[in-house]
Amino acid sequence: MCAFGSMPLVQSLVCKTGATLACLKLSFFSWLFVLQVYGAVMNINRGNPFRKEVVVDSWPDFKALITRPQKENEVDDLDHYTNAHAVFYKELQAYQELLENTNAINWGQIFQIQGLQDGICEISRTVALSKQVDVKISSFQMVFHSDPNTLPDVRLQMDPKLTLAYLDISHASLLSKTWSRGGNPRSQKYLANLICCFPSVCVLGDNGYPLSWSLTDQFATMIHGYTLPEHRRKGYSRLVATTLAKKLHSRGFPAQGNVLETNIPSITLLKSMNAQFLPCPFFRVIHTPFHFLAKSHF
């Protein structure tokens, strides 16, 4: 097992991941499996605001790769928002062996794994059982804006009192209350950190609070696109999502996101933006040690 935290080593890994992308590009749908990891590695290479590092089974010819929080940065064992990992494997057995390694994964905390390969769920169930850890799996449709030129040119005549702006840390409470995964102090803190570290876009009301917004997480994924109910059907969501996707492209990041199959309004919006719906689902797997199950995590 090899861990990469320093900038020169991570830069080497970025090149290696890029080479992996180039190789896998022979099969378009195959190289898309790397999206989550690629976004995380790019953020590491650009200042590493979330203090991540990369672990591989071997170097330079790795078969499994995990991005994880730096061990010295693990401050809250109950914070599955921040204790998040992105994974990619070329060989399933190598991934299982890396996941089983306690030097690679802290199985004593609540944590999540994100990725785009079916084996992620199977291996999490297998390994978690031996570690006395509960597993909760969620799946979504993965969405990708591969070409910025296909994004619509959204021209919206807004009320002069409204402005297109960035989110501010003071907005974190509102975002947490309206987030399907939020509503607790840890989610509010996490969202505040995302606002501080990564690109976001919002339509700002004259009272200084956002009416519609979207932001980016530690894996360069667009998340929590939301418009307050009283301000819907005015085109704000499309304006915000398109602006954020273009901003990510301008910075060299993949513009990616995920959506529930039952979220018809969001799917309709994404189709209007010429988004590609990938055949591979996005998986989020939350791992909770048995001794934490009876306790409040919030």
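Anything mentioned here points back to the structure above.
What comes next is a walk through the structure. Going along each chain's sequence as written, the residues are numbered from 1 onward. Residues qualify for local features only when their pLDDT is at least 70, as the model is predicted, and side-chain atom pairs are given and counted only at 80 or more; totals for whole chains, interfaces and linings, by contrast, use all residues. Excluding hydrogens and water, the side-chain values take into account all heavy atoms of the structure.

## Considerations on the pattern of salt bridges
Where we set the bar: By definition, a salt bridge exists where a carboxyl oxygen of Asp or Glu is found within 4 Å of a side-chain nitrogen of Lys or Arg. For helices the rule is a DSSP run of H or I covering at least 4 residues; for strands it is a run of E covering at least 2, with both sets numbered from the N terminus onward. Only protein chains enter the accessibility calculation, which uses a 1.4 Å probe. A residue is then buried if its area is under 20% of the maximum for its type, exposed if over 50%, and partly exposed in between.
For the coordinates displayed, the defined rule picks out three salt bridges. Residues Arg68 and Glu53 are paired through a salt bridge, measuring 2.7 Å at the closest nitrogen-oxygen approach. On the criterion of sequence distance, the pair formed by Arg68 in strand E3 (residues 64-69) and Glu53 in strand E2 (residues 52-56) is long-range, its members being 15 residues apart. Pair check on accessibility: Arg68 and Glu53 agree, each one buried. Where Asp153 meets Arg155, a salt bridge forms, and the shortest distance between an N and an O atom there is 3.0 Å.

## Looking at the side chain of Gln117
Selection criterion: Identification of polar contacts relies on pairs of N or O atoms within 3.5 Å, with a donor-acceptor requirement for protein atoms, meaning one able to donate a hydrogen and the other able to accept it, and with residues adjacent in sequence counted only if both atoms are side-chain atoms. Residue contacts are counted whenever heavy atoms from the two residues lie within 4.5 Å of one another.
Positionally, Gln117 belongs in the loop between strand E5 (111-115) and helix H5 (119-131). Given a relative accessible area of 7%, Gln117 falls into the buried group. At 2.9 Å, the side chain of Gln117 forms a polar contact with the backbone oxygen of Tyr89. Setting aside anything within four residues of it in sequence, one finds Gln117 in contact with Phe33, Val87, Phe88, Tyr89 and Phe283.

## Some words on the nonpolar core
As a reminder of what qualifies: By convention a nonpolar core is built from buried Ala, Val, Leu, Ile, Met, Phe, Trp, Tyr and Cys residues, the set being connected through side-chain atoms within 4.5 Å.
By size, the foremost hydrophobic cluster in this structure holds 22 residues, and its most contacted members are Ile66, Tyr95, Leu99, Ile105, Trp107, Ile113 and Ile120. Those elements giving two or more residues to this core turn out to be E3, strand E4 (84-89), helix H4 (92-100), E5, H5 and strand E13 (282-289). The biggest single contributor to this core is H5, with five residues. The contacts of Ile105, once residues within four sequence positions are left out, are Ile66, Arg68, His85, Leu99 and Phe111. Among the nonpolar cores identified, the runner-up in size contains 19 residues, and Val154, Met222, Leu239 and Ala245 belong to it.

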